[in-house]
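# Chain and residue survey
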Amino acid sequence: MRVFDTQVEKGRSMRRGALLAVVMLLVMAGLIGGSAHGVALNAEGTASPGASPVGSPSGSPVALVGDPEAGKALAAQCLSCHSVDGSKMVGPTWKGLYGHEVELEDGTKVIADVDYLVESIKDPNAKVVKDFPAGAMPPYGAILTDENIMDLVAYIQSLAE
């Protein structure tokens, strides 16, 4: 009976070891995959402030770089309230938005940069644009991934050119 107990214990130990190995591989794959996005670059080709841990939309030291084509595909729902041709709808137009000054309902002005756009997608009531209704846009921070949000931002950036 003792031999059988020893073999059972060895089997349990091997299963624990295999489970631990799988968990470690998944963690390592996540760490490696998370760094594959690269550092955000500005128009001059240097690292942007968004590439720092504090300014990063994902809260990590590596900022995500968006794909405008993926953002355009994601924007289908957004375009029921936001135009890309300058026309006024429920929400502000995205045409020429990126990099320009935006007046908020409280009279302050901000530049529509990456940080502003990410915040506006995640928490649209944080800074409501003048002449547009507060509460019209739901917060998408819990719905979209950081990568999705950066894709949308990249698409909005492409409309500024």
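Residues numbered from 1 in each chain as written. Predicted model: local features only at pLDDT ≥ 70, side-chain atom pairs only at ≥ 80, totals over all residues. Heavy atoms only, no water.

## Quick word on the overall build of the protein chain
The number of helices and strands found in the protein chain is four helices and two strands. Taken from the N to the C terminus, the helices and strands of the protein chain come in the order α-α-β-β-α-α. Taking all 161 residues of the protein chain together, the buried fraction comes to 25%. Intrachain contacts of the protein chain at a sequence separation of at least 6 include 47% that bridge at least 24 residues. (Helix = DSSP H or I, 4+ residues; strand = E, 2+ residues; numbered from the N terminus. Buried < 20%, exposed > 50% of the residue type's maximum accessible area, 1.4 Å probe, protein only. Contact = heavy atoms within 4.5 Å.)

## Structural notes on the packing of aromatic side chains
Under the defined criterion, the tally for this structure stands at one aromatic pair. Where Trp 94 meets Tyr 155, the ring centres are 6.1 Å apart and the plane angle is 80 degrees; that geometry is what we call edge-to-face. With a gap of 61 residues between them, Trp 94 in the loop between helix H2 (68-74) and strand E1 (101-103) and Tyr 155 in helix H4 (residues 146-158) connect regions that are remote in the sequence. Grouping residues by exposure puts Trp 94 and Tyr 155 together as buried. The residue whose ring lies beneath Lys 88 is Phe 132, and the NZ or CZ to ring-centre distance is 5.1 Å. (Phe/Tyr/Trp six-rings, centres within 6.5 Å; stacked < 30°, edge-to-face > 60°. Lys NZ or Arg CZ within 6 Å of the ring centre and 35° of its normal.)

## A short note on the pattern of salt bridges
Here the structure, examined in full by the defined rule, presents four salt bridges. The partner of Glu 119 in a salt bridge is Lys 127, with the nearest N and O atoms 2.7 Å apart. For Glu 119, a relative accessible area of 26% translates into the label partly exposed. Overall, Lys 127 belongs to the partly exposed group, its relative accessible area being 30%. Across the salt bridge formed by Lys 122 and Asp 146, the nearest N and O atoms sit 3.2 Å from each other. (Salt bridge = Lys/Arg side-chain N within 4 Å of Asp/Glu carboxyl O.)

## Things to note about the side chain of His 82
In this structure, His 82 sits in the loop between H2 and E1. In terms of polar contacts, His 82 uses its side chain to reach the backbone carbonyl oxygen of Pro 92, at 2.7 Å. When near neighbours in sequence (up to four residues on either side) are disregarded, His 82 contacts Met 89, Gly 91, Pro 92, Trp 94 and Met 137. (Polar contact = N/O pair within 3.5 Å; in protein donor to acceptor, adjacent residues only side chain to side chain.)

## Looking at the confidence of the model for the protein chain
Of the residues in the protein chain, 60% reach a pLDDT of 70 or more, and the chain-wide mean stands at 76. Ignoring residues within four places in sequence, the model shows residues 31-62, a span with pLDDT below 50, making 43 contacts including any to other chains. (pLDDT = per-residue confidence, 0-100.)

## Regarding unusual backbone geometry
For Asp 131, which is not a glycine, the phi torsion comes out positive at approximately 70 degrees. By the secondary structure assignment, Asp 131 is in the loop between helix H3 (114-122) and H4. The class for Asp 131 is exposed, based on a relative accessible area of 59%.

## Some words on the environment of Lys 72
With respect to the element layout, Lys 72 can be found in helix H2. Taking the C-alpha atoms as reference, Lys 72 lies 5.8 Å from Tyr 155; in sequence the two are 83 residues apart.

## Quick word on the nonpolar core
Judged by nonpolar contacts, the single largest core of 22 residues is most densely connected at Trp 94, Leu 97, Val 102, Tyr 116, Ile 121 and Leu 152. For this core, the secondary-structure elements that each account for two or more residues are H3 and H4. The element best represented in this core is H4, accounting for six residues. With residues near it in sequence (within four places) discarded, Leu 97 still touches Val 102, Ala 112, Leu 117 and Ile 156. (Core = buried A, V, L, I, M, F, W, Y, C linked by side-chain atoms within 4.5 Å.)

## Brief notes about H3
The complete set of buried residues in H3 reads Tyr 116, Leu 117, Val 118, Ser 120 and Ile 121. Packed against the buried residues of H3 are E1, strand E2 (109-111) and H4. Of the residues that open H3, the one with a side-chain oxygen 3.3 Å from the backbone nitrogen of Asp 115 is Asp 113.

## Focus on the environment of Ile 143
Here Ile 143 shows up in the loop between H3 and H4. Sequence separation between Ile 143 and Lys 122 is 21 residues; the distance between their C-alpha atoms is 8.9 Å.

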